[in-house]
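# Observations on the three-dimensional arrangement
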Amino acid sequence: MSTRLDIDLDALRKNLAEIAARVAPARHMLVVKDDAYGHGLTTIAQTGWDAGVRWFGSFDVAGGRIVRDALGPDARIFAWMIGSREDARLGVKADLDLGVGDTALLEDAAAVGAQRVHLKIDTGLHRNGIRPEEWPVAVRRAAELERSGAIRVVGVWSHIAEASDAEDDAARAVFDWAVAEAQAAGLAPRMRHLAASAASFARSEFRYDMVRVGAFAYGIHPAGGPDAAALGIRPIATLAAPVTAAEEEFVRIGIGMLDGIPSTLAGRVHVGTPGGPRRLVRIDAAESVVAAWPGAAVGDEVAVYGPGRCGELTATDLAESIDTIGEEIALRVSQAVPRSYLRETAR
Ligand SMILES: *Cc1c(COP(=O)(O)O)cnc(C)c1O
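Residues numbered from 1 in each chain as written. Predicted model: local features only at pLDDT ≥ 70, side-chain atom pairs only at ≥ 80, totals over all residues. Heavy atoms only, no water.

How we decide: UniProt positions are given in the numbering used here, feature names are shortened, and annotations may be inferred rather than shown by experiment.
The name given to the protein in an unreviewed UniProt entry is Alanine racemase, with the source organism recorded as Microbacterium mangrovi. As its UniProt record puts it under Cofactor (unreviewed entry), the protein is described as follows: "pyridoxal 5'-phosphate".

Now the structure itself:
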(Lines give C-alpha, C1' and ligand atoms only; values in the text may rest on other atoms or scores of the structure.)
Protein backbone atom coordinates (compact mmCIF):
# COMPACT_ATOMS: atom_id res chain seq x y z
CA MET A 1 0.00 0.00 0.00
CA SER A 2 1.42 3.34 -0.97
CA THR A 3 0.23 6.81 -1.80
CA ARG A 4 -1.40 6.78 -5.20
CA LEU A 5 -4.16 8.06 -7.41
CA ASP A 6 -6.47 5.17 -8.30
CA ILE A 7 -8.28 5.75 -11.56
CA ASP A 8 -11.28 3.62 -12.38
CA LEU A 9 -11.40 3.28 -16.17
CA ASP A 10 -14.72 1.50 -16.00
CA ALA A 11 -16.20 4.58 -14.32
CA LEU A 12 -14.63 6.70 -17.06
CA ARG A 13 -16.27 4.52 -19.72
CA LYS A 14 -19.64 4.89 -17.99
CA ASN A 15 -19.25 8.66 -17.91
CA LEU A 16 -18.33 8.69 -21.59
CA ALA A 17 -21.41 6.63 -22.41
CA GLU A 18 -23.57 8.99 -20.36
CA ILE A 19 -22.12 12.02 -22.13
CA ALA A 20 -22.57 10.47 -25.57
CA ALA A 21 -26.21 9.67 -24.80
CA ARG A 22 -26.89 13.10 -23.32
CA VAL A 23 -25.48 15.17 -26.13
CA ALA A 24 -26.46 13.05 -29.15
CA PRO A 25 -26.69 13.78 -32.00
CA ALA A 26 -23.92 16.26 -31.16
CA ARG A 27 -20.52 14.68 -30.82
CA HIS A 28 -18.37 14.62 -27.73
CA MET A 29 -14.86 16.03 -27.95
CA LEU A 30 -13.09 14.61 -24.90
CA VAL A 31 -10.96 17.38 -23.43
CA VAL A 32 -7.62 15.96 -22.28
CA LYS A 33 -5.70 19.12 -21.50
CA ASP A 34 -3.42 19.27 -18.44
CA ASP A 35 -2.51 15.58 -18.68
CA ALA A 36 -6.21 14.71 -18.89
CA TYR A 37 -6.95 16.76 -15.77
CA GLY A 38 -4.15 14.94 -13.99
CA HIS A 39 -5.43 11.45 -14.80
CA GLY A 40 -2.76 10.58 -17.39
CA LEU A 41 -3.01 11.69 -21.02
CA THR A 42 -2.28 8.55 -23.00
CA THR A 43 -4.27 6.09 -20.88
CA ILE A 44 -7.31 8.38 -20.82
CA ALA A 45 -7.11 9.08 -24.56
CA GLN A 46 -6.74 5.38 -25.34
CA THR A 47 -9.67 4.45 -23.11
CA GLY A 48 -11.76 7.15 -24.75
CA TRP A 49 -10.87 5.93 -28.21
CA ASP A 50 -11.71 2.33 -27.29
CA ALA A 51 -15.04 3.58 -25.94
CA GLY A 52 -15.88 5.26 -29.24
CA VAL A 53 -14.73 8.85 -28.69
CA ARG A 54 -13.37 10.19 -31.96
CA TRP A 55 -12.52 13.81 -31.07
CA PHE A 56 -9.98 14.89 -28.48
CA GLY A 57 -9.23 18.39 -27.21
CA SER A 58 -5.56 18.65 -26.32
CA PHE A 59 -5.18 22.38 -25.59
CA ASP A 60 -1.70 22.67 -27.16
CA VAL A 61 0.18 21.13 -30.07
CA ALA A 62 2.59 19.24 -27.82
CA GLY A 63 -0.29 17.42 -26.13
CA GLY A 64 -1.96 16.85 -29.48
CA ARG A 65 1.12 15.15 -30.86
CA ILE A 66 1.19 12.79 -27.89
CA VAL A 67 -2.45 11.86 -28.54
CA ARG A 68 -1.70 11.39 -32.25
CA ASP A 69 1.17 9.03 -31.46
CA ALA A 70 -1.04 7.09 -29.07
CA LEU A 71 -4.15 6.79 -31.23
CA GLY A 72 -2.95 6.76 -34.81
CA PRO A 73 -4.22 8.56 -37.90
CA ASP A 74 -8.00 8.36 -37.48
CA ALA A 75 -8.45 10.38 -34.29
CA ARG A 76 -9.46 14.02 -34.67
CA ILE A 77 -7.38 16.12 -32.31
CA PHE A 78 -8.16 19.75 -31.65
CA ALA A 79 -5.42 22.06 -30.34
CA TRP A 80 -6.43 25.63 -29.64
CA MET A 81 -3.38 27.14 -28.03
CA ILE A 82 -1.04 27.69 -30.95
CA GLY A 83 2.03 29.64 -29.88
CA SER A 84 3.71 30.50 -33.18
CA ARG A 85 3.90 29.72 -36.88
CA GLU A 86 6.34 26.94 -36.07
CA ASP A 87 3.85 25.54 -33.59
CA ALA A 88 1.18 25.65 -36.29
CA ARG A 89 3.55 23.84 -38.65
CA LEU A 90 4.07 21.06 -36.11
CA GLY A 91 0.31 20.87 -35.64
CA VAL A 92 -0.29 20.48 -39.38
CA LYS A 93 2.44 17.86 -39.55
CA ALA A 94 0.62 15.87 -36.86
CA ASP A 95 -2.67 16.37 -38.73
CA LEU A 96 -4.25 18.30 -35.87
CA ASP A 97 -7.34 20.46 -36.08
CA LEU A 98 -6.18 23.96 -35.17
CA GLY A 99 -8.13 26.55 -33.24
CA VAL A 100 -7.40 29.99 -34.65
CA GLY A 101 -8.27 32.88 -32.37
CA ASP A 102 -6.55 35.86 -33.93
CA THR A 103 -5.91 37.27 -37.36
CA ALA A 104 -2.10 36.95 -37.20
CA LEU A 105 -2.49 33.25 -36.50
CA LEU A 106 -4.86 32.98 -39.45
CA GLU A 107 -2.00 34.10 -41.70
CA ASP A 108 0.34 31.64 -39.96
CA ALA A 109 -2.17 28.84 -40.52
CA ALA A 110 -2.28 29.75 -44.22
CA ALA A 111 1.51 29.87 -44.43
CA VAL A 112 1.73 26.30 -43.19
CA GLY A 113 -1.24 25.04 -45.22
CA ALA A 114 -3.60 24.17 -42.37
CA GLN A 115 -6.56 22.24 -43.78
CA ARG A 116 -8.45 21.83 -40.52
CA VAL A 117 -8.98 25.31 -39.15
CA HIS A 118 -11.59 26.19 -36.52
CA LEU A 119 -12.06 29.96 -36.26
CA LYS A 120 -12.75 31.24 -32.77
CA ILE A 121 -15.10 34.13 -32.15
CA ASP A 122 -14.73 35.96 -28.85
CA THR A 123 -18.24 35.77 -27.45
CA GLY A 124 -17.44 37.72 -24.31
CA LEU A 125 -14.84 35.86 -22.25
CA HIS A 126 -12.06 38.02 -23.72
CA ARG A 127 -9.47 35.32 -23.25
CA ASN A 128 -8.72 34.59 -26.82
CA GLY A 129 -10.79 34.72 -29.96
CA ILE A 130 -11.39 37.13 -32.81
CA ARG A 131 -13.37 40.13 -31.57
CA PRO A 132 -16.81 40.68 -33.14
CA GLU A 133 -15.65 44.00 -34.59
CA GLU A 134 -12.84 42.19 -36.44
CA TRP A 135 -14.85 39.11 -37.36
CA PRO A 136 -16.42 40.19 -40.70
CA VAL A 137 -13.00 41.14 -42.09
CA ALA A 138 -11.42 37.97 -40.67
CA VAL A 139 -13.96 35.62 -42.22
CA ARG A 140 -13.67 37.37 -45.59
CA ARG A 141 -9.90 36.92 -45.40
CA ALA A 142 -10.33 33.28 -44.35
CA ALA A 143 -12.63 32.68 -47.32
CA GLU A 144 -10.06 34.23 -49.64
CA LEU A 145 -7.34 32.00 -48.17
CA GLU A 146 -9.62 29.02 -48.53
CA ARG A 147 -10.31 29.75 -52.19
CA SER A 148 -6.56 29.87 -52.80
CA GLY A 149 -6.20 26.46 -51.16
CA ALA A 150 -4.00 27.73 -48.34
CA ILE A 151 -6.43 26.76 -45.58
CA ARG A 152 -9.72 25.04 -45.07
CA VAL A 153 -12.11 26.25 -42.41
CA VAL A 154 -13.91 23.25 -40.93
CA GLY A 155 -15.26 24.82 -37.77
CA VAL A 156 -16.39 27.90 -35.87
CA TRP A 157 -16.18 27.79 -32.10
CA SER A 158 -16.10 29.74 -28.88
CA HIS A 159 -15.84 29.22 -25.15
CA ILE A 160 -18.40 30.48 -22.62
CA ALA A 161 -18.31 31.15 -18.91
CA GLU A 162 -21.17 28.81 -17.95
CA ALA A 163 -21.65 30.96 -14.87
CA SER A 164 -25.01 32.54 -15.68
CA ASP A 165 -27.67 31.61 -18.19
CA ALA A 166 -28.16 35.23 -19.21
CA GLU A 167 -24.48 35.72 -20.07
CA ASP A 168 -24.36 32.42 -21.89
CA ASP A 169 -27.45 33.38 -23.90
CA ALA A 170 -25.80 36.63 -24.89
CA ALA A 171 -22.68 34.71 -25.93
CA ARG A 172 -24.77 32.30 -27.96
CA ALA A 173 -26.39 35.15 -29.86
CA VAL A 174 -22.93 36.44 -30.81
CA PHE A 175 -21.94 32.91 -31.80
CA ASP A 176 -24.96 32.48 -34.09
CA TRP A 177 -24.21 35.82 -35.67
CA ALA A 178 -20.57 34.80 -36.22
CA VAL A 179 -21.55 31.53 -37.90
CA ALA A 180 -23.94 33.40 -40.20
CA GLU A 181 -21.22 35.92 -41.07
CA ALA A 182 -18.80 33.09 -41.86
CA GLN A 183 -21.37 31.48 -44.14
CA ALA A 184 -22.14 34.78 -45.81
CA ALA A 185 -18.42 35.16 -46.51
CA GLY A 186 -18.48 31.83 -48.33
CA LEU A 187 -17.18 29.53 -45.60
CA ALA A 188 -18.92 26.27 -44.74
CA PRO A 189 -17.92 25.43 -41.17
CA ARG A 190 -19.33 21.96 -40.47
CA MET A 191 -18.33 21.76 -36.84
CA ARG A 192 -19.84 24.43 -34.62
CA HIS A 193 -18.87 24.02 -30.98
CA LEU A 194 -19.55 26.20 -27.99
CA ALA A 195 -20.38 24.26 -24.83
CA ALA A 196 -18.19 22.64 -22.18
CA SER A 197 -19.47 20.28 -19.46
CA ALA A 198 -22.13 22.34 -17.72
CA ALA A 199 -23.91 23.85 -20.73
CA SER A 200 -23.70 20.64 -22.74
CA PHE A 201 -25.69 18.81 -20.06
CA ALA A 202 -28.06 21.55 -18.99
CA ARG A 203 -28.86 23.33 -22.23
CA SER A 204 -29.50 21.42 -25.43
CA GLU A 205 -29.48 24.56 -27.59
CA PHE A 206 -25.78 24.98 -26.78
CA ARG A 207 -24.73 21.63 -28.23
CA TYR A 208 -24.57 22.46 -31.95
CA ASP A 209 -22.43 19.86 -33.75
CA MET A 210 -20.06 19.05 -30.91
CA VAL A 211 -19.46 19.71 -27.23
CA ARG A 212 -16.07 19.93 -25.58
CA VAL A 213 -16.40 18.08 -22.29
CA GLY A 214 -13.60 17.48 -19.82
CA ALA A 215 -14.72 17.75 -16.18
CA PHE A 216 -17.84 15.58 -16.44
CA ALA A 217 -15.89 12.82 -18.19
CA TYR A 218 -13.72 12.60 -15.10
CA GLY A 219 -16.74 12.75 -12.83
CA ILE A 220 -15.88 16.21 -11.52
CA HIS A 221 -19.08 18.12 -10.87
CA PRO A 222 -19.39 21.92 -10.69
CA ALA A 223 -18.69 23.64 -7.38
CA GLY A 224 -21.99 24.93 -6.06
CA GLY A 225 -23.87 22.97 -8.73
CA PRO A 226 -25.69 19.65 -9.00
CA ASP A 227 -23.74 16.70 -7.59
CA ALA A 228 -22.35 13.84 -9.66
CA ALA A 229 -25.28 11.50 -9.01
CA ALA A 230 -27.78 14.15 -10.10
CA LEU A 231 -25.81 14.55 -13.32
CA GLY A 232 -25.57 10.82 -13.95
CA ILE A 233 -21.79 10.75 -13.71
CA ARG A 234 -19.34 9.25 -11.21
CA PRO A 235 -15.96 10.35 -9.92
CA ILE A 236 -13.23 8.24 -11.49
CA ALA A 237 -10.29 8.99 -9.17
CA THR A 238 -9.50 8.18 -5.56
CA LEU A 239 -6.52 9.80 -3.90
CA ALA A 240 -5.33 7.23 -1.38
CA ALA A 241 -2.63 7.30 1.27
CA PRO A 242 -1.45 4.80 3.88
CA VAL A 243 -1.34 5.33 7.61
CA THR A 244 2.35 5.65 8.50
CA ALA A 245 2.02 6.10 12.26
CA ALA A 246 -0.93 5.56 14.60
CA GLU A 247 -1.43 6.97 18.06
CA GLU A 248 -4.43 7.16 20.31
CA GLU A 249 -5.78 10.49 19.14
CA PHE A 250 -4.13 11.05 15.79
CA VAL A 251 -2.69 9.12 12.88
CA ARG A 252 -0.20 10.24 10.26
CA ILE A 253 -0.80 9.52 6.60
CA GLY A 254 1.80 9.50 3.86
CA ILE A 255 0.62 12.40 1.78
CA GLY A 256 1.19 16.13 2.15
CA MET A 257 1.66 19.48 0.51
CA LEU A 258 4.42 18.23 -1.76
CA ASP A 259 1.98 15.68 -3.17
CA GLY A 260 -0.38 18.47 -4.05
CA ILE A 261 -2.74 18.70 -1.09
CA PRO A 262 -3.62 22.36 -0.56
CA SER A 263 -2.54 23.24 2.99
CA THR A 264 -5.66 25.36 3.39
CA LEU A 265 -7.74 22.16 3.59
CA ALA A 266 -6.40 21.51 7.10
CA GLY A 267 -9.19 21.69 9.65
CA ARG A 268 -11.81 22.16 6.92
CA VAL A 269 -12.54 18.69 5.63
CA HIS A 270 -12.90 15.07 6.62
CA VAL A 271 -11.18 12.22 4.86
CA GLY A 272 -12.43 8.67 4.38
CA THR A 273 -10.98 6.17 6.85
CA PRO A 274 -11.81 2.55 7.75
CA GLY A 275 -13.55 4.02 10.80
CA GLY A 276 -15.61 6.45 8.74
CA PRO A 277 -15.01 10.12 8.04
CA ARG A 278 -12.31 11.73 10.19
CA ARG A 279 -11.08 15.27 10.43
CA LEU A 280 -7.99 16.24 8.44
CA VAL A 281 -6.18 18.09 11.19
CA ARG A 282 -2.88 19.21 9.71
CA ILE A 283 -1.03 19.10 6.41
CA ASP A 284 2.77 19.01 6.47
CA ALA A 285 5.22 18.78 3.60
CA ALA A 286 5.17 15.01 3.12
CA GLU A 287 2.62 13.86 5.68
CA SER A 288 -0.69 14.86 7.15
CA VAL A 289 -2.41 14.30 10.46
CA VAL A 290 -5.89 12.83 10.73
CA ALA A 291 -8.07 12.27 13.79
CA ALA A 292 -7.81 8.60 14.82
CA TRP A 293 -10.53 5.94 14.76
CA PRO A 294 -10.80 2.86 16.95
CA GLY A 295 -8.24 0.26 15.92
CA ALA A 296 -6.37 2.56 13.53
CA ALA A 297 -3.14 0.86 12.46
CA VAL A 298 -0.12 1.45 10.27
CA GLY A 299 -0.93 0.28 6.76
CA ASP A 300 -4.62 1.20 6.92
CA GLU A 301 -5.76 3.17 3.92
CA VAL A 302 -7.25 6.64 3.92
CA ALA A 303 -9.00 8.27 0.97
CA VAL A 304 -8.37 12.00 0.76
CA TYR A 305 -11.13 12.13 -1.84
CA GLY A 306 -12.87 9.81 -4.21
CA PRO A 307 -15.25 6.88 -4.12
CA GLY A 308 -12.72 4.60 -2.42
CA ARG A 309 -13.74 1.88 -0.03
CA CYS A 310 -13.53 4.25 2.90
CA GLY A 311 -14.41 7.64 1.54
CA GLU A 312 -17.20 9.45 -0.19
CA LEU A 313 -15.94 13.02 -0.47
CA THR A 314 -15.29 14.20 -4.00
CA ALA A 315 -12.62 16.52 -5.33
CA THR A 316 -15.37 19.13 -5.68
CA ASP A 317 -16.42 18.72 -2.03
CA LEU A 318 -12.85 19.47 -1.00
CA ALA A 319 -12.69 22.36 -3.43
CA GLU A 320 -15.87 23.93 -2.11
CA SER A 321 -14.40 24.09 1.38
CA ILE A 322 -11.64 26.37 0.12
CA ASP A 323 -13.67 28.25 -2.51
CA THR A 324 -12.17 26.68 -5.57
CA ILE A 325 -13.26 24.11 -8.17
CA GLY A 326 -12.81 20.34 -8.33
CA GLU A 327 -10.50 20.59 -11.34
CA GLU A 328 -8.05 22.56 -9.20
CA ILE A 329 -7.86 19.74 -6.65
CA ALA A 330 -7.40 17.13 -9.39
CA LEU A 331 -4.74 19.15 -11.21
CA ARG A 332 -2.67 19.72 -8.12
CA VAL A 333 -2.03 16.05 -7.44
CA SER A 334 1.72 15.84 -8.02
CA GLN A 335 3.11 13.83 -10.91
CA ALA A 336 5.22 12.13 -8.24
CA VAL A 337 2.06 10.39 -7.00
CA PRO A 338 1.78 7.20 -9.08
CA ARG A 339 -1.39 6.74 -11.14
CA SER A 340 -2.84 3.29 -10.81
CA TYR A 341 -5.48 2.15 -13.30
CA LEU A 342 -8.32 -0.19 -12.50
CA ARG A 343 -9.40 -1.65 -15.80
CA GLU A 344 -11.91 -4.39 -15.13
CA THR A 345 -15.19 -4.06 -16.91
CA ALA A 346 -18.20 -4.55 -14.70
CA ARG A 347 -21.27 -5.94 -16.38
C1 LIG B 1 -11.13 23.18 -20.46
C2 LIG B 1 -11.92 23.51 -21.65
C3 LIG B 1 -13.08 22.81 -21.95
C4 LIG B 1 -13.66 21.73 -21.05
O5 LIG B 1 -14.26 22.32 -19.94
P6 LIG B 1 -14.98 21.41 -18.83
O7 LIG B 1 -15.77 22.35 -18.03
O8 LIG B 1 -13.88 20.74 -18.08
O9 LIG B 1 -15.81 20.42 -19.55
C10 LIG B 1 -13.73 23.10 -23.13
N11 LIG B 1 -13.27 24.06 -23.96
C12 LIG B 1 -12.15 24.76 -23.70
C13 LIG B 1 -11.71 25.81 -24.65
C14 LIG B 1 -11.45 24.52 -22.53
O15 LIG B 1 -10.36 25.24 -22.25
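### Regarding the domain arrangement of the protein
Note the threshold: As used throughout, domain bounds are those supplied by an automatic or database domain assignment. In what follows, residue pairs with any heavy atoms lying within 4.5 Å of each other are defined as contacts. Once two parts are put together, the accessible area they lose, assessed with a 1.4 Å probe and summed over both, is termed the buried area. Think of a salt bridge as a Lys or Arg side-chain nitrogen and an Asp or Glu carboxyl oxygen that are within 4 Å of each other. N or O atoms within 3.5 Å of each other form a polar contact, as long as, within protein, one can give a hydrogen and the other can take it, and as long as residues adjacent in sequence are counted only when both atoms are side-chain atoms. Going along the chain from the N terminus, every DSSP run of H or I of four or more residues is numbered as a helix, and every run of E of two or more is numbered as a strand. Each residue gets one of three labels, nonpolar for Ala, Val, Leu, Ile, Met, Phe, Trp, Tyr, Cys and Pro, charged for Asp, Glu, Lys and Arg, and polar for the others, Gly among them.
Once the domains are mapped, the protein shows domain 1 (9-219) and domain 2 (237-346). The C-alpha centroid of domain 2 is placed 35 Å from the C-alpha centroid of domain 1. On the side of domain 2, 12 residues touch domain 1, which itself brings 12 residues to the contact. Together domain 1 and domain 2 conceal approximately 1000 Å² of surface at their shared face, both sides included; 50% is due to carbon and sulfur atoms. Connecting domain 1 to domain 2 are zero salt bridges. Here domain 1 and domain 2 share five residue pairs in polar contact (both at pLDDT 80 or more) between them. Those elements that place two or more of their residues in the side of domain 1 that touches domain 2 are α1 (9-23) and α2 (33-37). The element contributing the most residues to the side of domain 1 that touches domain 2 is α1, with four residues. Its residues placed into classes, the side of domain 1 that touches domain 2 shows three nonpolar, four polar and five charged.

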